[in-house]
Amino acid sequence: MKNIFPKNIVISTIKDINSILFPHHKKRVVLMMFLILIGGILDVLGLAAILPVASLVFDPSNIHKSHLCHTIFVSLGFENDNSFLYFVLVCFWFIFLFKNAAAAVISFLQSRFSYGVATDISQKQFENIMNQDLQYFNDHNSTNLVRNIQIMPFHFSTYLLLPSLMLMSEIVVLIIILTAISLYDIAVIGLMFITLTPSFILTYKLIKSRTQFYETERNRLNTELTKQAYQTIHGYIDVKLFYKEKYFLSLFKVNQAKFKHLFTNAYTLNLIPSKIIELTAISAVIIMFFYTLYVPSAKDSISVMLPLFIAAAYRVMPSMNRMLIALGSIKGFQYVIQIIKDGLQPIPNTSENLNNEALIFNTNIEFRDVSYQYPSGKKPSVDGLNMTILKGQKVGIIGKSGSGKTTIINILLRFLKEQQGGLYIDNKRITVNEDNQWRQLIGYVKQSVFIIDGDFYENIAFGVAKQDIDHEKLNKVIKLSKLDEVVEKSAFGLNSNIGENGTRLSGGQRQRIAIARALYKDAQILVFDEATSALDNQTEKEITESIEAISKEDKTMFIVAHRITTLKNCDIIYEIENGKITGSFTYEEIAKTILEN
Ligand code: ADP
């Protein structure tokens, strides 16, 4: 047995599956195994019923030779053998109906369980991803992350969990069938063992390493192709401007050709086991025929054994084939196990929000001796920063590109954690557990605003179900962020779709959406990061006006700006260089310096 079911891979996969399954899955696995056993028994019973029924039909006198049949015949009051045979055949049909209906229900329960496991894993991974820090997203390719969450759990269920259950169910059925046959004729079992077992082992040896190679390679190429397709779709404008369609298509074609080759080979490889096993069985039959030619005395015993061997082989061969496919699948999709395990790793220091209430912020925000160095950086990008911002203050931040402005903002948003110093609110240091509560106070208007592929409602009342939207507040923030004209001009008003990533909006309009979103959230602190650098003069004027309108509200504001006009309403403007404050100015001082130069 050790060689037939390669211990290392099957046992280690079952152990891995066991370590991946959630506690409530484990309870249900026991139920699944029980159902599999029932299915196996019904399967064998159905088959076992064929012989007695056939013997009754071909020789009705057997009805009265069998004690059981005769008792039923008498107690149900049958008048003749034919009416009893009708009854037997109808019962026989119902046994098969029941057996197959039960098999369908068991398959349904088995796949519902397996795909339930997939969705649970997928959701847990999704939750884990949400708890990762910004650095994690900088370090990982987004296509891979999406595949790991969405595709891999379903691969796990389809190619590891279901095949393992299938393998167990086939083993159960095989044991029952072989035991039943051995009761009839032990020689047939011996014959099956010496013919089918070696071919089973050889076939498995033949396919296993190939299958593993094909599946691992298919996964690698699939990721590569998805990435290439995404890049071409997102990079449409650049691809067209550089007239590089052919170049990107040729890259895609190279990988597609390999992909086609892998699909063809993997598919063919799946068909091979059944062919080899069938060939072996038929070879055994032919050898027996030859034997009868040379040793005529063996004819009698072979003629008894042969029909049973053929009948048994026809039932056992598909079973063996399914087992080989299951084994091949388990071997081929080993790479999924590590991906799933990694995705389910508990994340240390997650900002698990114990309390959903926003933090209270009354007097000031303080960067106290804050330093941050990126893992791949050679020197700190923020270096001993000390900065205090009073509640309601409008703070401008200027500095050359690469001076550390975005890093400071990411520390403020708690997406990056300083290695030295700390961020203090009302003289109290923000802890890891308070990240979510702190972020609830903040509205962030980035240079590239993230827009959901949906309407104005979904984009302004971000993450709020339509029926829960406060329309009065929504209308107010639309006016305040100067979006009313955009909404009016859109064909379906607030219900108009903005398009994936806001493709149907201008850069300025997208930023106004972000402003409206921050205001709808009642953010007390608004952060504008290079909000106006990519805008034309008209849009810049409009954004500056909306910032001005918001400035009148009691909001604390950080404005990281390229254009000086945006800073008009700032109480203080800090200049940053090499992650440090190198000067602080009023707007008038800055404007004067520019005029003088
Ligand atoms: P700014 O917003 O002022 O243009 P940043 O805060 O983006 O500046 O960057 C400050 C410094 O940190 C730069 O030298 C930049 O190269 C470096 N930096 C920014 N992001 C990363 C990163 N993810 N990994 C490594 N270095 C980074």
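Values in this document were obtained by computation on a predicted structure and should not be read as measured data.

Asks: How should helix α17 (residues 471-480) be read in this particular structure?
Replies: The α-helix advances 3.6 residues per turn, and as a result positions three or four apart in sequence lie on the same side. What α17 keeps buried is the set Leu-474, Val-477, Ile-478 and Leu-480. Around the axis of α17, the buried residues are gathered within 165° of arc, so they sit on the same side. Along α17, exposed side chains directed more than 90 degrees from the buried face belong to Glu-472, Lys-476 and Lys-479. Of the residues flanking the end of α17, it is Lys-482, one or two places downstream, whose phi is positive at about 60°.

Asks: Is there a simple way to think about the domain arrangement of the protein chain in this case?
Replies: Taken as a whole, the protein chain is organised into domain 1 (10-343) and domain 2 (359-596). Look at where the C-alpha atoms of domain 1 and domain 2 centre, and you get two points 56 Å apart.

Asks: Would you take a moment to explain the state of the cysteines for this structure?
Replies: Two cysteines joined by a covalent bond between their sulfur atoms form a disulfide. Scanning the entire structure with this criterion turns up 0 disulfides. Summary of cysteine pairing: Cys-69 is not part of a disulfide, and the nearest cysteine sulfur, belonging to Cys-91, is at 11 Å.

Asks: Looking at this structure, I do not really get the nonpolar core. What am I missing?
Replies: One broad rule of soluble globular proteins: the nonpolar side chains tend to lie buried together. Counting residues in hydrophobic clusters, the biggest one holds 58 residues, and the most contacted among them are Ile-121, Phe-156, Leu-160, Phe-309, Val-336 and Ile-340. Contributions of two or more residues to this core are made by α1 (7-20), α2 (23-58), α5 (81-130), α8 (152-184), α9 (186-234), α11 (245-294), α12 (299-332) and α13 (334-344). Per-element tally for this core: the top contributor is α12, with 13 residues. Look past the residues within four positions of Ile-121 in its chain and what remains in contact with it is Ile-20, Phe-22, Pro-153, Phe-156, Ile-340 and Leu-344. In this structure, Val-445, Val-486, Ile-498 and Cys-570 belong to the second largest nonpolar core, which totals 39 residues.

Asks: Quick question: what am I supposed to make of unusual backbone geometry here?
Replies: Leaving glycine aside, a negative phi is the common case for residues, and trans is the common case for peptide bonds. Of note in the backbone geometry, Tyr-243 takes a positive phi value of approximately 55° without being a glycine. Topologically, Tyr-243 is positioned in the loop between α10 (236-241) and α11. On the basis of relative accessibility, which here comes to 66%, the residue Tyr-243 falls in the exposed class. Positive phi values are uncommon outside glycine, yet Asp-426 reaches one of about 50°. Along the chain, Asp-426 falls in the loop between β4 (420-425) and β5 (428-429).

Asks: Got a minute to help me understand the layout of surface pockets in this structure?
Replies: Regions of empty space are outlined by a rolling probe, equal in size to a water molecule, passed over the atoms. Empty space within the second largest pocket amounts to approximately 970 Å³. Contributing to the lining of the second largest pocket are 46 residues, with Leu-162, Pro-163, Met-166, Arg-322 and Ile-325 lying nearest its centre. Listed by contribution, the elements that provide at least two residues to the lining of the second largest pocket are α2, α5, α8, α9, α11 and α12. The leading source of residues in the lining of the second largest pocket is α8, at 9 residues. Grouping the amino acids of the lining of the second largest pocket by side-chain chemistry returns 23 nonpolar, 15 polar and 8 charged.

Asks: How should the sheet that holds strand β8 (residues 556-560) be read in this particular structure?
Replies: Across a sheet, paired strands are connected by hydrogen bonds in the backbone, their directions being either parallel or antiparallel. Across the sheet, 6 strands lie side by side as β6-β7-β8-β3-β9-β10; this open sheet has mixed pairing. Pairing within the sheet leaves two strands with one partner each, and these edge strands are β6 (442-445) and β10 (580-585). Direction aside, the axes of adjacent strands within the sheet are offset by 20° on average. Sheet contacts for helix α14 (residues 405-412): β3 (394-398), β6, β7 (525-529), β8 and β9 (572-577); angle to β8, the most-contacted strand, approximately 155°. This element, helix α19 (residues 507-520), spans β6 and β7 of the sheet and lies at about 180° to β6.

So, how was this worked out
- Throughout, a residue's number is its position along its own chain's written sequence, starting from 1.
- For a predicted model such as this one, the threshold for reporting local features is a pLDDT of at least 70, and the threshold for listing and counting side-chain atom pairs is 80 or more; totals across whole chains, interfaces and linings nevertheless cover every residue.
- The side-chain quantities take in all heavy atoms of the structure and omit both hydrogens and water.
- Under the scheme applied here, a residue whose accessible area is under 20% of the maximum for its type counts as buried, over 50% as exposed, and between as partly exposed, the area being computed with a 1.4 Å probe on protein chains only.
- Elements are defined by DSSP. Helices are runs of H or I of four residues or more, strands are runs of E of two residues or more, and each kind is numbered from the N terminus.
- By construction, the arc corresponds to the directions joining the helix axis to the C-beta atoms.
- Where each domain begins and ends is defined by an automated method or by a domain database.
- By disulfide we mean two sulfur atoms from cysteines, separated by a distance within 2.5 Å.
- Side-chain atoms within 4.5 Å are what join buried Ala, Val, Leu, Ile, Met, Phe, Trp, Tyr and Cys residues into a set we call a nonpolar core.
- Every residue pair with non-hydrogen atoms within 4.5 Å of one another is taken to be in contact.
- Using a grid of 1 Å spacing that covers the protein atoms alone, one calls a set of points a cavity when a 1.4 Å probe fits there but cannot get out, and a pocket when the set is open and has protein on both sides within 12 Å along at least five of seven lines; lining residues are those with an atom within 4 Å of a point.
- Grid points are joined across faces, edges and corners, and a volume is the space filled by probe spheres set on the points.
- Note on residue categories: nonpolar means Ala, Val, Leu, Ile, Met, Phe, Trp, Tyr, Cys or Pro, charged means Asp, Glu, Lys or Arg, and polar means any other residue, Gly included.
- A pair of strands is treated as paired once DSSP finds two or more bridges between them.
- In this analysis, axes come from line fits to C-alpha atoms, helices being fitted only over the stretch in contact, and the angle between any two N-to-C directions falls in the range 0 to 180 degrees.

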